[in-house]
Amino acid sequence: MSDSPDVTASRPDSPIQLAGTDHISVIGSNEEDTIEFYRDLLGMSLVLRQPNLDDPNQTHLFFDTGDGRILTFFVADERESNPQPHRHRVGSVHHLSFSVEPERFVETREALEETGHGYNEFDRGIFHSLYTRDHNGLTLELATDKFSIPDERRGEVLATAQRLRVEDGAEYAEERHLEAALEELGIESEKYELPDADSGVGI
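Counting restarts for each chain: residues are numbered from 1 in the order of the written sequence. The model is predicted, so local features are restricted to residues of pLDDT at least 70 and side-chain atom pairs to those at 80 or more, both for listing and for counting; the totals for chains, interfaces and linings are taken over all residues. Hydrogens and water molecules were not included; the side-chain quantities draw on all heavy atoms of the structure.

In the annotation of an unreviewed UniProt entry, the entry for the protein chain reads VOC family protein, and the organism field reads Natranaeroarchaeum aerophilus.

Asks: Looking at this structure, how should I read the packing of aromatic side chains?
Replies: The geometry of an aromatic ring pair is captured by two quantities: the separation of the ring centres and the angle between the planes. We call Phe, Tyr and Trp rings a pair once their centres come within 6.5 Å, taking the six-membered ring for Trp, and we label the pair stacked below 30 degrees between planes, edge-to-face above 60, and tilted otherwise. Across all of its chains, the model carries five aromatic pairs by this definition. A ring pair is formed by Phe-37 and Tyr-38, whose centres lie 4.9 Å apart and whose planes are at 65°; its orientation type is edge-to-face. Residue classification places Tyr-38 among the buried positions, given a relative accessible area of 0%. Clustering of aromatic rings is evident, with ring pairs tying together Phe-37, Tyr-38, Phe-63 and Phe-73. For every residue, the accessible area obtained with a 1.4 Å probe (protein chains only) is divided by the maximum for its type, and the residue is called buried under 20%, exposed over 50%, and partly exposed between those limits.

Asks: Would you mind showing me how to read the sheet that holds strand β8 (residues 139-145) here?
Replies: Sheet strands pair via backbone hydrogen bonds, and the direction of the pair is either parallel or antiparallel. Strand order in the open sheet made by the four strands is β5-β8-β7-β6, with mixed pairing throughout. The outermost strands of the open sheet, each flanked by one partner alone, are β5 (96-99) and β6 (120-123). Strand-to-strand twist in this sheet, taken as the mean axis angle between neighbours without regard to direction, amounts to 25°. Note: two strands are recorded as paired if DSSP finds a minimum of 2 bridges between them. Each helix is a run of H or I in the DSSP string that is no shorter than four residues. Each strand is a run of E no shorter than two, and both are numbered from the N terminus. The sheet contact formed by β6 and strand β7 (residues 127-133) spans four bridges and is antiparallel. The residue bridging Asp-123 from the neighbouring strand is His-128, located in β7. Strands in contact with helix α2 (residues 105-114) are β6, β7 and β8; relative to β7, the strand with the most contacts, it is inclined by about 15°. Note on definitions: angles span 0 to 180 degrees between N-to-C directions of axes, and those axes are lines fitted to C-alpha atoms, for helices only across the stretch in contact. The criterion used for residue contact is that any of the two residues' heavy atoms lie within 4.5 Å.

Asks: Before we go on, may I ask you to explain the UniProt feature "domain: VOC" (unreviewed entry) in the protein chain in this structure?
Replies: Following the UniProt record, the feature "domain: VOC" (unreviewed entry) maps to residues 20-145 here. As a span, residues 20-145 carries 17% helix and 40% strand, and end to end its C-alpha atoms are 20 Å apart. UniProt positions are given in the numbering used here, feature names are shortened, and annotations may be inferred rather than shown by experiment.

Asks: Would you mind going over the environment of Phe-147 with me for this structure?
Replies: By secondary structure assignment, the location of Phe-147 is in the loop between β8 and α3 (154-168). Classification of Phe-147 as buried rests on a relative accessible area of 4%. Residues Phe-147 and Leu-42, spaced 105 residues apart in sequence, show a C-alpha to C-alpha distance of 23 Å. Not counting the four nearest positions on each side in its chain, Phe-147 is found in contact with Glu-175, Leu-178, Glu-179, Leu-182, Ser-189, Glu-190, Lys-191 and Tyr-192.

Asks: Can you walk me through the nonpolar core in this structure?
Replies: Membership of the largest hydrophobic core comes to 20 residues, with the highest contact counts inside it found for Tyr-38, Phe-63, Leu-71, Phe-73, Leu-96, Phe-98 and Leu-140. Among the secondary structure elements, those contributing two or more residues to this core are α1 (31-41), β3 (55-64), β4 (70-75), β5, α2 and β8. Dropping the residues within four chain positions of it, Tyr-38 is found in contact with Gly-43, Met-44, Phe-63, Leu-71, Phe-73, Asp-134, His-135, Leu-138 and Leu-140. What is meant by a nonpolar core is a set of buried Ala, Val, Leu, Ile, Met, Phe, Trp, Tyr and Cys residues, joined one to another through side-chain atoms within 4.5 Å. Residues Ile-126, Val-157, Leu-164 and Leu-178 belong to the second largest nonpolar core, which totals ten residues.

Given below as structure tokens:
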């Protein structure tokens, strides 16, 4: 494999062609805490609840993350929540990222504050994010776009911003690369008003 893999929005000539993300499943703690966090705080609809088909002693909760994409949890009443951060290893999940509408970003931050959930806020150059943890220490990113980008062209925009970043000699993709990519691709885009935040790494 080359040191610099191709970065492109073009689909590879691979034997399997996926159609998108169907759902992600997480081992959760108990039903009450899981519903309280994901439905009552983050606003995900609980759309299906049934026994785990592989282990009927567990309950399988299905949440709509807001766009029809599903996040599920295997829970059991005897499991206590543990908010301690996860220790990562190869193959583990580092974090899950969910979209927040730009006009609701500030109220999302305020809701975390009001409910006692710690967070960090960063300007990530091409997007703006809050980082927090759920009741089981799973890191969650609540990300919002800086510009309105059609979903079907998101990969194309990011790949173009990547090329412009490399040509510019910049270490990371910055807002200017994203803005230039939109202009190059002829995509009319609105820039959203977002609060100032530090650029940084880690949470």
